[in-house]
Amino acid sequence: MSGNLLLRNATLLDPETGEYTEGDLRCADGRIAETGRGLSAGDARIEDVRGAVVLPGLIDAHVHVTASTADLGSLPSTAPSYVALQSAHTMGRMLDRGFTTVRDASGADYGLADAQAEGLFRGPRLLFCGRALSQTGGHGDNRNRGTRVHDDHPCCAGLGRIADGVGAVREAARDELRKGAHHIKVMASGGVASPTDRIDSTQYSADELRAIVEEAEAANRYVAAHAYTARAVNRALELGVRSIEHGNLIDDRSVELFREHDAFLVPTLVTYWALKQEGREFGLPEASWRKVDEVLGAGLAALERAARGGVRIVYGTDLLGGMHRHQNHEFRLRAEVQSPLEIIRSATTVAAELVNMAGEIGTLRPGSFADLLVVDGDPLADIGALAEPKHFRHVIQSGEIIPR
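Here goes a summary of the coordinates provided. The residue count restarts for each chain, going from 1 along the sequence in the order it is written. The predicted origin of the model limits local features to residues at a pLDDT of at least 70 and limits the giving and counting of side-chain atom pairs to 80 or more, whereas totals for whole chains, interfaces and linings rest on all residues. As a convention, hydrogens and water are excluded, and side-chain values are obtained from all of the structure's heavy atoms.

### Notes on the packing of helix α5 (residues 230–238) against helix α6 (residues 252–260)
Test applied: Lines fitted to C-alpha atoms define the axes, with helix axes restricted to the stretch in contact, and inter-axis angles between N-to-C directions lie between 0 and 180 degrees. Each helix is a run of DSSP H or I of at least 4 residues and each strand a run of E of at least 2, with the numbering of both proceeding from the N terminus. Any angle that falls under 35 degrees is termed roughly parallel, while one over 145 is termed roughly antiparallel, one within 65 to 115 roughly perpendicular, and all others oblique. Two helices cross in a left-handed way if the nearer one is turned anticlockwise from the farther one by less than a right angle. They cross in a right-handed way if the turn is clockwise. Contact definition: two residues touch when any of their heavy atoms are within 4.5 Å.
α6 packs onto α5 with a crossing angle of 20 degrees between their chain directions and a minimal axis gap of 9 Å. In this view, α5 runs roughly parallel relative to α6, as classed from their interaxial angle. α6 is crossed by α5, and the crossing has left-handed handedness. Counting all contacts with α5, which are made through A230, V233, N234, L237 and E238, the residues of α6 involved are R253, S254, L257 and F258.

If you want it as structure tokens, here you go:
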């Protein structure tokens, strides 16, 4: 029967406790049924994984599966059929890298999520937000200074939609929620890939941000905000944003606000490393490439400040185009300031809390989805075991071993 699997002689790593136990793990109908010693297989397929560590499938909480290039302004002129096939290819490679769930931070839609859920292509579970909301001239507005018309047709690819004013942002948020958005993404500061804004700017008025948060909360969803500077981050947290994406330039007050509001930080260190090394090769415009230095060096310092202050930190990568292949390198970058267990939790239990799927993913608890990673090596001793997919013996999704 589909999704019935028994992993025999496993070393089970529970991220919640940070402890190893020896035993078996049985999957039934795509979920974890039980763990223990000497479990009966019944009609399940048996896989002996002696010598390997079994942990929950990884979660990347900041991806852009439709971003086939770092030249984001070119996406709206790309054929939707091409974007869909590129996205499926990108997601298949993410699954090979051990990521069984990803949260898309703008660009993906219900079509990709439904197709993956129906098994039309191989890839991680996809939690999407549709288009990110941006003010005119904000991080989601990819027009250069000489372009006036913005084509917001829903068939065009792209990461953002422009909405100005309280009424317009309410309508835009409601529209993304109507289409099934798991969360709402908002651009609350300037960014690297946008052509006309400053990284140190704040974006959207307090009334506009408050209206977006109200609409998300009314639908039992939440808001994720792109923000770099402490000024932009603190403002977003005070207005009810649940997760801050990037946050490279946070301060001590930011740490206090994260804790006061029970919010999450999703750093994306690897994307700045990759953009600096390869960004222009994969389409990043020269002007955007020059902006990378403004946030590159600050990322690790922000991560250390947040970790020391007890902020809930989630794994995210934010890679674009051909740079997606560096997705696991984020583990190595974070290891400069975090312990292996802290990093593993950021990609399992803490990420599951952020996306409101605690107990469903990111855990080895019975009843959760049987999304698992079988690794040769000890990731608690050396996080490099997760930074190099060559160490992965099996990636398991809903109790099925994925052919690689």
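### A closer look at unusual backbone geometry
Selection rule: Each residue gets one of three labels from its accessible area relative to the maximum for its type: buried under 20%, exposed over 50%, partly exposed in between, using a 1.4 Å probe on protein chains only.
Phi at N9 is positive, roughly 60 degrees, even though this residue is not glycine. With respect to the secondary-structure elements, N9 resides in strand β1 (residues 5–14). According to the relative accessible area criterion, N9 is partly exposed, its value standing at 26%. Even without being a glycine, N220 presents a positive backbone phi close to 55 degrees. Topologically, N220 is positioned in the loop between α4 (206–218) and β12 (223–229). Look at N220 and you get exposed, because its relative accessible area is 64%.

### Overview of the pairing of strand β11 (residues 184–187)
This is how the line gets drawn: When DSSP finds two or more bridges between two strands, those strands count as paired.
Alternating positions in β11 separate into two faces, I184 and V186 on one and K185 and M187 on the other, with burial throughout. With 4 bridges joining them, β11 and β12 adopt parallel strand pairing. From the neighbouring strand, K185 faces β12, where its bridge partner is A224.

### Some words on the environment of R365
Along the chain, R365 falls in the loop between α13 (349–354) and β16 (372–375). Taking the relative accessible area as the measure of exposure, R365 reaches 44% and is therefore partly exposed. In this structure, the C-alpha to C-alpha distance between R365 and E34, residues 331 residues apart in sequence, is 7.9 Å.

### Some thoughts on the environment of L341
Here L341 lies in helix α12 (residues 340–346). For L341 and A28, which are 313 residues apart along the polypeptide, the C-alpha to C-alpha distance reads 28 Å. Setting aside residues up to four positions removed in sequence, L341 forms contacts with P15, G18 and L380.

### Some points on the pairing of strand β6 (residues 58–63)
This is how the line gets drawn: With strands facing away from the observer, any crossover in which the path from the first strand over the helix to the second runs clockwise is taken as right-handed.
Most of β6 sits inside the fold, with 6 of its 6 residues counted as buried. Relative to strand β7 (residues 99–104), β6 runs parallel, the two sharing 4 bridges. Each residue of the ladder has a partner; that of D60, found in β7, is V102. As for the winding sense of the linkage, the β-α-β connection from β6 through helix α1 (residues 80–96) to β7 is right-handed.

### Some details on the side chain of R334
Test applied: Residues adjacent in sequence count toward polar contacts only when both atoms are side-chain atoms; beyond that, a polar contact is any pair of N or O atoms within 3.5 Å, and within protein one must be able to donate a hydrogen and the other to accept it.
Structurally, R334 is set in helix α11 (residues 329–334). Of note is the side chain of R334, whose polar atom sits 2.8 Å from the side chain of E330. When residues no more than four places from it in sequence are discounted, the contact partners of R334 are P267, L269, L303, I313, V314, Y315, G316, I343 and S346.

### Some words on the pattern of salt bridges
Rules: One side-chain nitrogen of Lys or Arg within 4 Å of one carboxyl oxygen of Asp or Glu is enough to make a salt bridge.
Applying the stated criterion across every chain, the model contains 27 salt bridges. The salt bridge involving E16 is made with R365; its shortest N-O contact spans 2.5 Å. Placement of the pair is E16 in the loop between β1 and β2 (19–28) and R365 in the loop between α13 and β16, with a sequence separation of 349 residues. The salt bridge partner of R210 is D207, with a shortest N-O separation of 3.0 Å. In this pair, R210 and D207 both sit in helix α4, 3 residues apart, roughly one turn of the helix. Members of the salt-bridge network, linked through shared partners, are R161, D175, E176, R178 and K179.

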